Every structure is written in structure tokens, then in C-alpha cells.
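# Observations on the model geometry
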Number of protein chains: 2
Amino acid sequence: MPRKVDHQERRSLIADALMRVAADRGLEAVSLRHVAAEAGVSAGMVQHYFRTKDEMMAFALDVVRERNQVRVTAAVARLGDDPPPRLLLRTMIAALLPLDEQTRDDGRVALAFLAYTAVRPAVAASLRKDTAQLVGFLAGLLPGPNAAEAAAGLLALMEGLGVYLLGGHYTGEQAMNVLDAQLDLLFGPSTRAWDDALPR
Amino acid sequence: MPRKVDHQERRSLIADALMRVAADRGLEAVSLRHVAAEAGVSAGMVQHYFRTKDEMMAFALDVVRERNQVRVTAAVARLGDDPPPRLLLRTMIAALLPLDEQTRDDGRVALAFLAYTAVRPAVAASLRKDTAQLVGFLAGLLPGPNAAEAAAGLLALMEGLGVYLLGGHYTGEQAMNVLDAQLDLLFGPSTRAWDDALPR
């Protein structure tokens, strides 16, 4: 099926160009024209794959979500079987924070998408589903009677740390210290020895 | 000085138009042309007050910061003299969360500004100064040996809750429950009686 392979390759080529433009100048600067120029194809070709700006934005977020999932899965796999809940949470959250160049690029795209959907809530339906699922999963790992609120709080803290990391308010080390202090609050400081099992 | 009054009125007229466009369509959609049309003036007039997009964005954020300050000051003043630290923190944070139409409009502008500056860090210098000052202030109200990390965590949690509120992930009540659970962690649940002193 040579025709189909060609199709997928072109889509991937355009997607990569889209992500480079978004990471470099912000998702709001992403236009048909810019993406086409970056990919070295015609504007009509890009339009064949993304008919509206909403489609392009939603696709960029899907790329980021997929990369995040791959990163989290790989980081958790390195922990081996049955890691303690605190270590599992710390590892997942560290994998999602914008702490290196690749995660920063992805984080910029995700943040731009959040700003875009704050005025177009309908576009963010899939994101709200993700949040609800993630809160449920985190709640299962947390002790205490208010696990649901604590899970939502931990997720909000992660989101806020991400925003502050992207804006250069905190260094990576400061952000990890804030996360560890929160895990101390949730699990008690006696579980802190686990922190040293992970690179900062 | 009639000339100066005219000047300020025009600037205020353009600023209001800018904020309406930003709240409605996102700060990334704000252009000379749109703002001029909304204000009913010429594009040249807008350009007289804001020479670059960065200037327009920074100005929008200043408007939001000023409104936030007015809101927080008014809410804290209603608490009377020497409110307990937990109540003071809860009141300040509730006044900053996007819980009604006015704060949601301002929150959308602030979020769009954060996304804009994530790819243009130099524009956000004043914001980083705000964050550092706020963390220092909050730390002074928090108990425990890790007050600085706890303050940074509380601020990140507030920022993340704001993002999730704007995206429709949480209702206002859910967000306040998450904030209260965090204050329980920081102050101990015995201080919770104070929560009822404030409207939800």
C-alpha cells in the first residue's frame, strides 16, 4: 500500500513542522503559511490534513499527550514491580514537568493549548476527560480521608509548577523541592528516603 | 490641563477595548485592527499608545494585576484587624481564583499572557518578581519548617486550579474544596471552622 505510507509520512512531516513552529513561537503563531514553509510543502497540502485552526491545535495537543504517555510509561517501567505509591507519584509527576528541552517544548504547546481553549471550552472536552481520569488514578495512590481533593490538589500543583517552570520563575531543582514538600505533607516526611532513588 | 485628561481617557478607552477582545477571543487574537474596531478608533490611534504587540500584552497584564490587587485588598479589608493566617490565605486565594465572570475574563488574559511569555521569557520579568514576592509573603503566614516550599506549592496549586477552572475541569465549589483540603494539610484540620466564615 504505497499510497497509504506516503499519506502517513506527509502527515508526520507536517506534524513535526507544526510542533517546531509552536515550540519556537507559540501555538498562537501557528498558521497554515508558517507550517507549510517550515515543512517545505504548499499551504494547500497542509490544509488537506488540517482544515481548521481548531483541528491543528487539537492535533498538536494529541502529539503532546502521546509523548507524555510514552515518557510516563518508560519512567514507571524503570521502577520495577510494585513501587511504593509515593515513589510512583513522584516519578510520574517528574516525567510530566517541563524539566528538559523536549518536555519544555511540549509544555509550551500544552500551555498555549490551555490558553486557546480557555476562550473555546468546547475544544477541550478530551482534556477534561484526561483530568478526571488522572485525578481518579492519583486518588487511588494517596492516603487519608480526602484522597480525591488531595489528588486534584496535587495535579493542580503540578500544572502550576509547569507554568512557573516555563516562565522561568523556578529552577528544576526548586520545582522538585516543592513537589517533595507536597509529598511530605501527603505521605509524611518519613517516606522521604525514596526521593534519593531518583535523579533530580 | 484638558489635553492630558483627553490622553488618559483615550488610553483607557483603548485598554477597555483590548481587554474585551482578549477576554472574548483570547489574547493571541488581539491585533491592532481588532482593538481599533472594538474601540471605534483608527488603527493609527491604537499604534500611538501601543507600538508593539509585546507592549499591548504587557499592558493587558498590568490591568489584570491591578484589578487583582484591588480585589485582594478589598477582600482582606473585610476580614477586619489581625485575621488568623489560614483565613487570610484562604481569602486572598479565593479573591484571585477565576470564580465569577469578571475574574474569569481576567484569568483568561493572564493565562494567555503566560502562554505568550513561555516562548518570550524576557517579557515576563515583572511577573517573576511578583511570584518571588508573593512566595515570600505566603511563607510568612505558613507554619512548619518548609514554609518556603509550602508557599511555592500553595501558589502553584492556586495557578493550576485557575487553569482548570478556566478550562471547565472543575466547578468553583470543587476548586474551593481542593483549596480547603490543602489548607487542612498545611494548618491541620482543626482550623477548618474558619472556612464557614466566608461565602463559597
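Being a predicted model, the structure only gives us computed values, none of them experimental. (Residues numbered from 1 in each chain as written. Chains lettered and ligands numbered in written order. Predicted model: local features only at pLDDT ≥ 70, side-chain atom pairs only at ≥ 80, totals over all residues. Heavy atoms only, no water.)

### Brief notes about helix α6 (residues 101–118) of chain B
- Spanning 18 residues, α6(B) covers 26 Å between terminal C-alpha atoms, matching the ideal 26 Å at 1.5 Å per step.
- Along α6(B), 14 of the 18 residues are buried, which leaves the element largely enclosed by surrounding structure. (Helix = DSSP H or I, 4+ residues; strand = E, 2+ residues; numbered from the N terminus. Expected span 1.5 Å × (residues − 1). Buried < 20%, exposed > 50% of the residue type's maximum accessible area, 1.4 Å probe, protein only.)

### Considering the pattern of salt bridges
All names here are of chain A.
- Counting across every chain of the model gives 18 salt bridges over all chains.
- Between Arg-20 and Glu-38 there is a salt bridge whose closest N-O contact spans 2.7 Å. Remark: Glu-38 occurs in helix α2 (residues 32–39) and Arg-20 occurs in helix α1 (residues 2–25); sequence separation between them is 18 residues.
- The class of Glu-38 is partly exposed, set by a relative accessible area of 36%. (Salt bridge = Lys/Arg side-chain N within 4 Å of Asp/Glu carboxyl O.)

### Focus on the packing of aromatic side chains
- The tally for this structure, following the rule as stated, stands at four aromatic pairs over all chains.
- For the ring pair Tyr164(A) and Tyr170(A), a centre distance of 5.4 Å and an interplane angle of 75° mean the geometry is edge-to-face. With respect to class, Tyr164(A) is no different from Tyr170(A); both count as buried.
- Relative to Phe59(B), the ring of Phe50(B) lies with its centre 5.1 Å away and its plane at 55°, an arrangement referred to as tilted. (Phe/Tyr/Trp six-rings, centres within 6.5 Å; stacked < 30°, edge-to-face > 60°.)

### Quick word on the relation of the copies chain B and chain A
- Under the fitted operation, chain B is carried onto chain A by 0.0 Å of movement along the axis and a turn of 180°, and the coordinates agree to an RMSD of 0.0 Å. The transformation relating the two chain copies, once decomposed into turn and shift, fits a two-fold axis.
- Of the interface residues in chain B, 100% have counterparts in chain A that sit at the interface too, so the contact is made through matching surfaces. (Least-squares fit on C-alpha atoms with pLDDT ≥ 70 in both. Contact = heavy atoms within 4.5 Å.)

### A look at the environment of His34(A)
Residues and elements named next belong to chain A.
- Along the chain, the position of His-34 falls in helix α2.
- Sequence separation between His-34 and Val-21 is 13 residues, and the spatial gap between their C-alpha atoms is 7.3 Å.
- Residues in contact with His-34, not counting those within four places in the same chain, are Val-21, Arg-25 and Ala-29.

### What to know about the environment of Arg71(B)
Residues and elements named next belong to chain B.
- Structurally, Arg-71 can be placed in helix α4 (residues 53–77).
- For the pair Arg-71 and Leu-99, spaced 28 residues apart in sequence, the C-alpha separation works out to 12 Å.
- Once you skip the residues sitting within four places of it in the chain, Arg-71 turns out to touch Ala-95, Gln-102, Thr-103 and Asp-106.
- Among the polar contacts made by the side chain of Arg-71, one reaches the main-chain carbonyl oxygen of Ala-95 at a distance of 3.5 Å. (Polar contact = N/O pair within 3.5 Å; in protein donor to acceptor, adjacent residues only side chain to side chain.)

### What to know about the packing of helix α5 (residues 85–96) of chain B against helix α7 (residues 125–141) of chain B
Residues and elements named next belong to chain B.
- As a packed pair, α5 and α7 sit with axes 9 Å apart at the nearest point and diverge in direction by 150°. With respect to their mutual orientation, α5 and α7 come out roughly antiparallel. Between α5 and α7, the contacting residues are Pro-85, Leu-88, Leu-89 and Met-92 on the first element and Leu-134, Phe-137, Leu-138 and Leu-141 on the second.
- A class-by-class count of the residues in the contact of α5 with α7 yields eight nonpolar, no polar and no charged. (Axes fitted to C-alpha atoms, helices over the stretch in contact; angles between N-to-C directions. Parallel < 35°, antiparallel > 145°, perpendicular 65-115°, else oblique. Nonpolar A, V, L, I, M, F, W, Y, C, P; charged D, E, K, R; others polar.)

### Quick word on the interface of chain B and chain A
- Across the boundary between the two partners, chain B contributes 43 residues, which contact 43 residues of chain A.
- Contact between chain B and chain A buries roughly 3500 Å² in total, counting both sides, with carbon and sulfur atoms accounting for 67%.
- Counting across the chain B and chain A interface gives zero salt bridges.
- Where chain B touches chain A, the interface holds nine residue pairs in polar contact (both at pLDDT 80 or more).
- Elements represented by at least two residues in the side of chain B that touches chain A include exactly α1 (2–25), α6, α7, α8 (147–166) and α9 (172–187) of chain B.
- Ranked by residue count, the leading element in the side of chain B that touches chain A is α8(B), at twelve residues. (Buried area = accessible area lost by both parts, 1.4 Å probe.)

### Details of the side chain of Gln182(B)
- By the secondary structure assignment, Gln182(B) is in helix α9.
- Looking at Gln182(B), the relative accessible area reads 3%, which means it is buried.
- Within the local environment of Gln182(B), its side chain forms a polar contact with the side chain of Gln182(A), the two groups lying 2.9 Å apart.
- Setting aside residues no more than four positions away along its own chain, Gln182(B) makes contact with Gln182(A), Leu185(A), Leu154(B) and Leu157(B).

### Some words on the domain arrangement of chain A
Residues and elements named next belong to chain A.
- Splitting chain A by domain gives domain 1 (1–51) and domain 2 (53–197).
- Placing the centre of domain 1 and that of domain 2 at their C-alpha centroids yields a distance of 28 Å.
- Each partner contributes residues to the interface: domain 1 has 16 residues there, and domain 2 has 15 residues.
- Between domain 1 and domain 2, a total of about 1300 Å² is buried, with carbon and sulfur atoms accounting for 73% of that surface.
- Taken as a group, Met-19, Ala-23 and Leu-27 account for 47% of the area that domain 1 buries against domain 2, more than any other trio of residues on that side.
- At the junction of domain 1 with domain 2, the criterion picks out one salt bridge.
- Residue Glu-55 is joined to Arg-51 by a salt bridge in which the shortest nitrogen-to-oxygen separation is 3.0 Å.
- Contributions of two or more residues to the side of domain 1 that touches domain 2 are made by α1, α2 and α3 (43–49).
- Examining the composition of the side of domain 1 that touches domain 2, we find that six residues originate from one element, α1, more than from any other. (Domains from an automatic or database assignment.)

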